[in-house]
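# Working through the structure, step by step
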Amino acid sequence: MAHTILVVFGTRPEAIKLFPVVRALGGTQGLRVRTCVTAQHRGLLDQVLTIAGLVPDRDLDIMEPGQSLDRLTARLLIGIGDAIDAERPDMVLVQGDTATAMAGALAAYYRRIPVAHVEAGLRSGDIYHPWPEEVNRRIVAPIAQYHFAPTRTAADALIREAIDPASIHVTGNTVIDALHWTRERIATDPVLAQSVAPVLSQMDGRRIVLVTTHRRENFGDGMASIARAIGRIAEREDVGVVFPIHPNPNVVAVMDDLLGDRPNVARIAPLDYPGFIAALAAADIVLTDSGGVQEEAPALGKPVLVMRETTERPEGVVAGTAKLIGADEDRIVSEVFTLLDDSDAYAAMARAHNPFGDGHASARIGKVIADGFRR
Ligand code: UDP
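Note that the coordinates shown come from a computational prediction; the quantities given were computed from them, not determined experimentally.

## What about the side chain of Glu119?
With respect to the element layout, Glu119 can be found in the loop between β5 (115-118) and α5 (133-140). Accessibility expressed as a relative area gives 6% for Glu119, which makes it buried. Look past the residues within four positions of Glu119 in its chain and what remains in contact with it is Lys17, Gln95, Gly96, Phe148, Pro150, Asn173, Glu295 and Arg313.

## Points about the pattern of salt bridges
In the structure shown here, the tally under the stated rule is 34 salt bridges. Here Asp85 ties to Arg111 by a salt bridge, and the two come within 2.7 Å at their closest N and O atoms. Highlighted residues: Asp85 in helix α3 (residues 69-87) and Arg111 in the loop between α4 (99-110) and β5, separated in sequence by 26 residues. For Asp85, a relative accessible area of 43% puts it in the partly exposed group. For Arg111, a relative accessible area of 31% corresponds to the partly exposed category. Measuring nitrogen to oxygen at the nearest pair gives 2.7 Å for the salt bridge that ties Lys367 to Asp371.

## A word on a nonpolar patch on the surface
A cluster of nonpolar side chains, Ile127, Tyr128, Trp131 and Val135, forms an exposed patch at the surface whose accessible area comes to about 370 Å². Note that Trp131 resides in the loop between β5 and α5. Classification of Trp131 as partly exposed rests on a relative accessible area of 37%.

## Things to note about the sheet that holds strand β12 (residues 304-306)
The strand order across the open sheet formed by six strands is β10-β9-β8-β11-β12-β13, and the pairing between neighbours is parallel. Edge strands, defined here as strands with exactly one partner in the open sheet, are β10 (265-268) and β13 (322-324). Strand-to-strand twist across the sheet, computed as the mean angle between neighbouring axes with direction ignored, equals 20°. Pairing geometry for strand β11 (residues 285-288) and β12, over three bridges, is parallel. Of the residues in β12, the one forming a bridge with Leu287 is Leu305. Along the sheet face, helix α9 (residues 221-233) touches β8 (207-212), β9 (239-244) and β11 and points at about 150° away from the line of β9. Each of β9 and β10 touches helix α10 (residues 249-259); the most contacted strand, β10, lies at about 150° to it.

## Section: helix α16 (residues 361-374)
Along an α-helix, residues three or four apart share an orientation, since each turn contains 3.6 residues. Over its 14 residues, α16 runs 20 Å from end to end, which matches the ideal 20 Å to within 8%, given 1.5 Å per residue. Here α16 has its buried residues at Ala361, Ser362, Ile365, Gly366, Val368, Ile369, Ala370 and Gly372.

## Some points on the sheet that holds strand β4 (residues 91-95)
Read from one edge of the open sheet, seven strands run β3-β2-β1-β4-β5-β6-β7, paired in parallel fashion. Strands at the two margins of the open sheet, each flanked by one partner only, are β3 (58-59) and β7 (168-170). Bridge analysis of β5 against strand β6 (residues 146-149) gives three bridges, and the strand direction is parallel. Its bridge partner being in β6, Val118 is matched across the sheet by Phe148. Against the sheet, helix α6 (residues 152-160) engages β6 and β7, with an angle of about 165° to β7.

## A look at the site of the ligand
As a matter of local geometry, the ligand sits amid 14 residues, with Leu271, Ser290, Gly291, Gly292 and Glu296 nearest to it. A distance of 2.7 Å separates an oxygen atom of the ligand from a polar backbone atom of Gly291. Protein chains bury 93% of the 540 Å² of accessible surface belonging to the ligand in isolation. If you list the elements that add at least two residues to the shell around the ligand, you get α1 (12-26), α11 (273-282) and α12 (291-299).

## A short note on the packing of aromatic side chains
A complete count under the given rule lists three aromatic pairs for this structure. When the ring of Tyr109 is compared with that of Tyr110, the centres are 6.1 Å apart and the planes differ by 45°; the resulting orientation is tilted. For Tyr109, a relative accessible area of 49% translates into the label partly exposed. With 5.9 Å between their ring centres and 5° between their planes, Tyr146 and Phe148 make a pair best called stacked. Phe148 carries the same exposure label as Tyr146, and that label is buried. One residue, Arg236, lies across the ring of Phe337, its end atom 4.9 Å from the ring centre.

The rules behind each value
- Residues numbered from 1 in each chain as written.
- Predicted model: local features only at pLDDT ≥ 70, side-chain atom pairs only at ≥ 80, totals over all residues.
- Heavy atoms only, no water.
- Helix = DSSP H or I, 4+ residues; strand = E, 2+ residues; numbered from the N terminus.
- Buried < 20%, exposed > 50% of the residue type's maximum accessible area, 1.4 Å probe, protein only.
- Contact = heavy atoms within 4.5 Å.
- Salt bridge = Lys/Arg side-chain N within 4 Å of Asp/Glu carboxyl O.
- Patch = residues over 30% accessible without salt bridge, like charges linked within 9 Å, V, L, I, M, F, W, Y side chains within 5 Å.
- Areas by Shrake-Rupley, 256 points an atom, 1.4 Å probe, with all protein chains shown as cover.
- Pairing = 2+ DSSP bridges.
- Axes fitted to C-alpha atoms, helices over the stretch in contact; angles between N-to-C directions.
- Expected span 1.5 Å × (residues − 1).
- Near = heavy atom within 4 Å.
- Polar contact = N/O pair within 3.5 Å; in protein donor to acceptor, adjacent residues only side chain to side chain.
- Phe/Tyr/Trp six-rings, centres within 6.5 Å; stacked < 30°, edge-to-face > 60°.
- Lys NZ or Arg CZ within 6 Å of the ring centre and 35° of its normal.

Functional significance is not addressed by these values, which are geometric in nature.
In structure tokens, the structure reads:
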């Protein structure tokens, strides 16, 4: 008899990191996979579902404009609880550190259903950076029966929190599985990356700085400082900025006010995943406060400047391909200029490195779960 795994997710990064897991679980003997999306981020989630060809079994459609964290969490808990009652799974699987992951784990725990946590053990050590993600993921840890840590560093963090080492499995990060799958598909069918092709061809031999920003900690002063820094970077004739803008009003409004329209800044709508991966492959420098992009850029040998004070992904910094620079305007400008003008500094960071995995994390996760049910 097959065991049913209910995979619960709601945002773009969760969908990117879980579509390879859904495929792997579906292809593992003895497992049956069901999916429930909360649609905590509607538009960005749907972009990934389409590309991955994933049609969710349940869609809670929970997004509301300007929703508070407590209202979101309360609605998630009730919605996911009802989905679990209807599906009656043998296990609930969540990913990362969103409100969806936290509420999914809690709803399963209230029903004494085992929980598997993908991307377990990331810690910044500061409950306000990133906020509220650091606490979301810490809440999942004591509940989960399976902790799929992407790296040894993440596994060690769980061990320090007295999690049973036998329940921790170092698998690599499933984002590298998604990256490999997508690059292979683009290689055989370049049309898949057409969303970004016109933008890249406009860049006309300029050095490409790819920017993404959306972190709550940067809303307000940080976002204003980032906008001014991008404006100053784009004053250079030899630079082209590719900037897919996150739809959050805290990002859009500041960029409208302080960055405006500039000839060598391509302010564009969020790219679909293949388009973004093609942009990453074409970029010279990546400037970001994203978590997932910190994992993807080193895998492609792209220097990544992280506009945050702390990171729960120190592996890229240790490998030398990522650097924490915060969100100060002058610092951002000077770090980008150093990489543009100092070829030794650039070469030191631009080394392909895969501290986050080998592209086979999802298959490992499927095998561990299937073996567990056989015992
Ligand atoms: N991404 C994308 N389109 C974009 C920008 C990012 O598909 O225009 C992907 C990116 O490749 C990465 C993920 O979105 O896998 C990161 O999501 P985000 O930065 O929103 O969240 P975080 O990783 O910080 O939780």
